[in-house]
Amino acid sequence: MHRSASRLTRILACAAVPVMLVVAGCSSDSGSKKESDGSSSSAPGAKKSVAAVEQAKFAELPDPCKAISTKTITALVPKAKNKAGTPATSSDTAARAGCSWNGLDDNGVKGSQYRWLDVGFTRFDSDQALGSGAKRAEDDLTKQLAKTRTAEGAKKLVEAPVSGIGEQATKVTYDLTKTGEDFKYATIVARTGNVVVTLTYNGAGYAGAKTPSGADILKDAEKAAKEAVAAVTDANEKQSSPSASPSKSAKSSSN
C-alpha cells in the first residue's frame, strides 16, 4: 500500500510538469499578443503630415497705368488720346488689373499711323487645396496663350518662347485685317513668380500710310513687356521697404 502511494505521487508530480509548461506558454503568448495588439491599434491613429504649399512670391500688383514708362508710351503710341492710360475695370485690383493706350498719328496726305497697347496683370495666391501661386500662374499662362491662338481672323500666326522676360514667356504674332486695314499684332504672355503679365501691341497704316513692320511691332512689345514685368518686382519691394509704412515714432507723434 505504501509503495502504491509513492508510485501515485511520482506519477502526479510528472504529470504536473507539462501542465505548468503549457500554462507558462499561454501566459507568455498572451503578453505578446497584448503588446502586438497595442502597437497595431495605435497605427491607424497616426496622421500623415501634409507638406505646406510654397508661399506666393508677390503680394501686390503695380499700378497698371504706371507699369510702363511715359517715355515708352510716347514712343509706342504717338498722339495717344490719354497718355496716362485707361485703367481696365476690376472688382479686385490686388488680383487683377490692366491698362490700355491708343492713338492715331495723323500725317495729313502722308496718311496716319494707328497704335494700340494693352497690358494686364493677374496675381494668384497660394492655396493648400489649389496649389502654389506659381503653379496656378503657370496654368493661367497656358490658358492665356490658348485664347491668343484663337484670335478671330488671325493669319500667319507664329508662336515661340522668348527669353529675358520674367521666369517664362511666350510671344505670339499674327496679321489681322479690320476696318479695311492690315494690322500687325504681337502678344507677350509672361510669368514672374505668381503673377501673369499679358501685353498686346498692334498697329496699322491708314489713308495710304505704310503698314508697320511686324518685326518692329514685336520688338516694341517685348520692350514694354520687360518694363511691365519689372514693375511687379518694384511694386513689392516698395511695399516691403521700411519707408513704405509709417515708423513707430511717427505713429506715436501723431497720437
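Refer to the structure above for everything that follows.
Residues numbered from 1 in each chain as written. Predicted model: local features only at pLDDT ≥ 70, side-chain atom pairs only at ≥ 80, totals over all residues. Heavy atoms only, no water.

Draft legend 1. Representation of the pattern of salt bridges. Per the counting criterion, the structure on display carries 8 salt bridges. A salt bridge links Lys57 to Glu167, with the nearest nitrogen and oxygen atoms 3.9 Å apart. One end of the pair, Lys57, is in the loop between α1 (2-42) and α2 (70-76); the other, Glu167, is in the loop between β4 (155-161) and β5 (168-178), with 110 residues separating them in the sequence. As a salt-bridge pair, Glu159 and Arg149 come within 2.6 Å of each other at their nearest N and O atoms. Here Glu159 is found in strand β4, whereas its partner Arg149 is found in helix α3 (residues 133-149), with 10 residues between them in sequence. Judged by relative accessible area, Glu159 falls into the partly exposed class, the value being 33%. By relative accessible area, which is 41% here, Arg149 ends up partly exposed. Among the ionic contacts, a cluster of salt bridges with common partners joins Lys57, Glu138, Glu167 and Arg191. (Salt bridge = Lys/Arg side-chain N within 4 Å of Asp/Glu carboxyl O. Helix = DSSP H or I, 4+ residues; strand = E, 2+ residues; numbered from the N terminus. Buried < 20%, exposed > 50% of the residue type's maximum accessible area, 1.4 Å probe, protein only.)

Draft legend 2. The pairing of β4, seen in detail. Two strands pair when backbone bridges link them, and β4 and β5 are joined in this way by 5 bridges, in the antiparallel orientation. Opposite Ala160, over in β5, you have Lys171 as the bridge partner. (Pairing = 2+ DSSP bridges.)

Draft legend 3. Spatial organisation of the packing of aromatic side chains. In the structure shown here, the tally under the stated rule is 5 aromatic pairs. Ring centres 4.9 Å apart and planes at 10 degrees place the aromatic pair Tyr174 and Tyr185 in the stacked group. You can see Tyr174 sitting in strand β5 and its partner Tyr185 sitting in strand β6 (residues 181-192), a full 11 residues away along the chain. Per residue, the accessibility class of Tyr174 equals that of Tyr185, and both read buried. (Phe/Tyr/Trp six-rings, centres within 6.5 Å; stacked < 30°, edge-to-face > 60°.)

Draft legend 4. Examining the pairing of strand β3 (residues 112-123) more closely. Most of β3 sits out of view: 10 of its 12 residues are buried. As judged from the 11 bridges shared by strand β2 (residues 96-106) and β3, these two strands associate in the antiparallel manner. Counterpart to Trp101 in the pairing with β3 is Leu117. Pairing geometry for β3 and strand β7 (residues 195-206), over 12 bridges, is antiparallel. Residue pairing for β7: Leu117 is matched across the bridge by Tyr201.

Draft legend 5. View of helix α4 (residues 214-240). When the terminal C-alpha atoms of α4 are compared, their 40 Å separation across 27 residues agrees well with the 39 Å that a helix rising 1.5 Å per residue should span. Turning to α4, its buried residues are Ile217, Leu218, Ala221, Glu222, Ala224, Ala225, Ala228, Val229, Ala231, Val232, Ala235 and Asn236. The opening residue of α4, the one whose side-chain oxygen lies 3.2 Å from the backbone nitrogen of Ala215, is Ser213. (Expected span 1.5 Å × (residues − 1). Polar contact = N/O pair within 3.5 Å; in protein donor to acceptor, adjacent residues only side chain to side chain.)

Draft legend 6. Region of interest: the state of the cysteines. Here the structure, examined in full by the defined rule, presents 1 disulfide. Disulfide pairing places Cys65 opposite Cys99 at an S-S distance of 2.1 Å. Here the S-S torsion is close to 100 degrees, and the disulfide linking Cys65 with Cys99 is therefore right-handed. Pair noted here: Cys65 is in the loop between α1 and α2 and Cys99 is in strand β2, with a separation of 34 residues, a long-range link. Judged on exposure class, the residue Cys65 and its partner Cys99 are both buried. (Disulfide = S-S within 2.5 Å.)

Draft legend 7. Inspection of α3 at higher detail. In a regular helix each residue adds 1.5 Å, so 17 residues correspond to 24 Å; α3 covers 25 Å between its end C-alpha atoms and thus fits that length. Here α3 has its buried residues at Gly133, Ala137, Asp140, Leu141, Gln144, Leu145 and Thr148. Seen end-on, α3 carries its buried residues on one side only, within an arc spanning 145 degrees. Taken together, the buried residues of α3 touch β3, β4, β5, β6 and β7. (Arc of directions from axis to C-beta. Contact = heavy atoms within 4.5 Å.)

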